[in-house]
Amino acid sequence: MTGDFSLPPATAEPRLHVARRVLGLLKSVPGLAARYTEHQDVRTLDDLAALPPMAKDDLNTALDHLDPRAEHGATWLFQSGGSTGAPKVGHAPTGFYMAGVHAHWQPLDRTDVFVNAWGAGRMWGAHFLAAALADLSGCQVIALGSVTRAEYDDWLGFFAARGVTAIGGTPSVLQTWFAHARAAGLKLPALRKVLWLGEAWQPQLERDMAEVAPQARRWGMFGSTETWVVGTNTPDCPADTFHTLPEQLVHVGPDDLLDFTTLDPEMLNPVLRYRTGDAGRLVACPCGRPGRAMRVLGRRDSVVQVRGLGLHVDEIVDRVEGEPGVSRAQVVITERDGRAATVEILLLTAPDARDGAPDAAPDAERLRRELLSATFTLSTGFQHDPESFQVRRADELISNDRTGKTSRLVVREEA
Ligand SMILES: [Zn+2]
């Protein structure tokens, strides 16, 4: 069983006093205590694996009751998931645990000019976390945040003039920057480092980077507002593989579901076998760094109910993104009275398809017919109104203004 953990027992078990303290805290939470009555102690990795996993709602229940405060400095409240409704809240101390990240991962150094393009404000953590990393790196920082479409050209000119060497953001935001620069014929010759966090890496981004900034390489972080940064990678690692930090204990459970346990005594969120919904495996990384790395396989919560049947969003998006001329795809479900009235698949066209050969553009109607006949949920659910399932090309996908993320699934309520 211990083979399913990111750290060997000899390394992890001496640090399990943190997990024991968190267990004690969770036992004090009225809504959660009953789940832990049989679990008196956490001395070994087997003890840990026997604990019930936590979901996002459990963590929020615990934080509502515990209301933790940082030992030193401010306690920051951040949005923890939930793209709709009232914000759920995660806590972190100033510094955001980035000293531990910087000890193992230094993509930036004093010579860098770093554009922090993660959105700032709205209780979103990534901008501040990246700022803390920049602080530890001693580089120059341009704290940009998010900008509007009309501002890209001016800012890109400013980046070139300042000799910007590094930029960071969610892959969706980065892709907008690079696609815009590529379309406008703008180059960033000094740019060497692209930091990313918040979503899976996008292959189209690599192609746009090669045109705009041929020297640039990707540097990734994996984490969530609940766990904070769990692992990092370098240009020598596959984009889906991360070296986990010694303060983060990762466990692979049934169906490859990952859960995370903090071994950092400073951690304010009570993270004890916390599931983010991501699946993964522990693997040897081709970069050659010893120890096991975490390969992220995507999310296991990507099945959505459509007219009483399960629709596998990841399968559909992967299938559509494999079409020539499609750079990204998004499933948009519009609900009326709680029922899926329509399902649309939006296609973002690859720049190559836009620029020249019209043959390279995807045939939306052909794709629609193929998906409808090949997908049980669609053919059955839309048997009587097949026109309620559409595939169309779009100039842009629907993004969350707060996080800068563009998710594969958007569910809208029709007014
Ligand atoms: Zn590696």
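What comes next is a walk through the structure. (Residues numbered from 1 in each chain as written. Predicted model: local features only at pLDDT ≥ 70, side-chain atom pairs only at ≥ 80, totals over all residues.)

### A look at the pairing of strand E4 (residues 140–143)
- Pairing between strand E3 (residues 113–116) and E4: four bridges, direction parallel. Residue pairing in the sheet places Val 113 in a bridge with Gln 140 of E4.
- Handedness of the β-α-β unit built from E3, helix H6 (residues 126–137) and E4 comes out right-handed. (Pairing = 2+ DSSP bridges. Helix = DSSP H or I, 4+ residues; strand = E, 2+ residues; numbered from the N terminus. Right-handed = clockwise from strand over helix to strand, strands pointing away.)

### Describing the sheet that holds strand E18 (residues 389–394)
- What the four strands build is an open sheet, ordered E18-E17-E16-E19; its pairing is mixed. The open sheet is flanked by E18 and strand E19 (409–413), the only strands paired with a single partner. In this sheet, neighbouring strand axes are inclined to one another by 25 degrees on average, regardless of whether the strands run parallel or antiparallel.
- Two elements, strand E17 (residues 339–349) and E18, share six bridges in a ladder whose sense is parallel. For Leu 348, the partnering residue across the bridge sits in E18 and is Ala 394. (Axes fitted to C-alpha atoms, helices over the stretch in contact; angles between N-to-C directions.)

### What to know about the sheet that holds strand E11 (residues 257–262)
- Spatially, E4-E3-E5-E6-E7-E8-E9-E13-E12-E11-E10 is the arrangement adopted by the eleven strands of the open sheet, whose pairing is mixed. One side of each edge strand has no neighbouring strand; the edge strands of this open sheet are E4 and strand E10 (248–252). Adjacent strand axes in the sheet meet at a mean angle of 40 degrees, parallel and antiparallel pairs treated alike.
- Inspection of the sheet shows E10 paired to E11 by five bridges, in the antiparallel sense. Residue pairing across strands places Val 252 opposite Leu 258, the latter belonging to E11.
- Lying over the sheet, H6 contacts E3, E4, strand E5 (166–169) and strand E6 (193–196), oriented at roughly 165 degrees with respect to E3. (Contact = placed C-beta atoms within 7 Å.)

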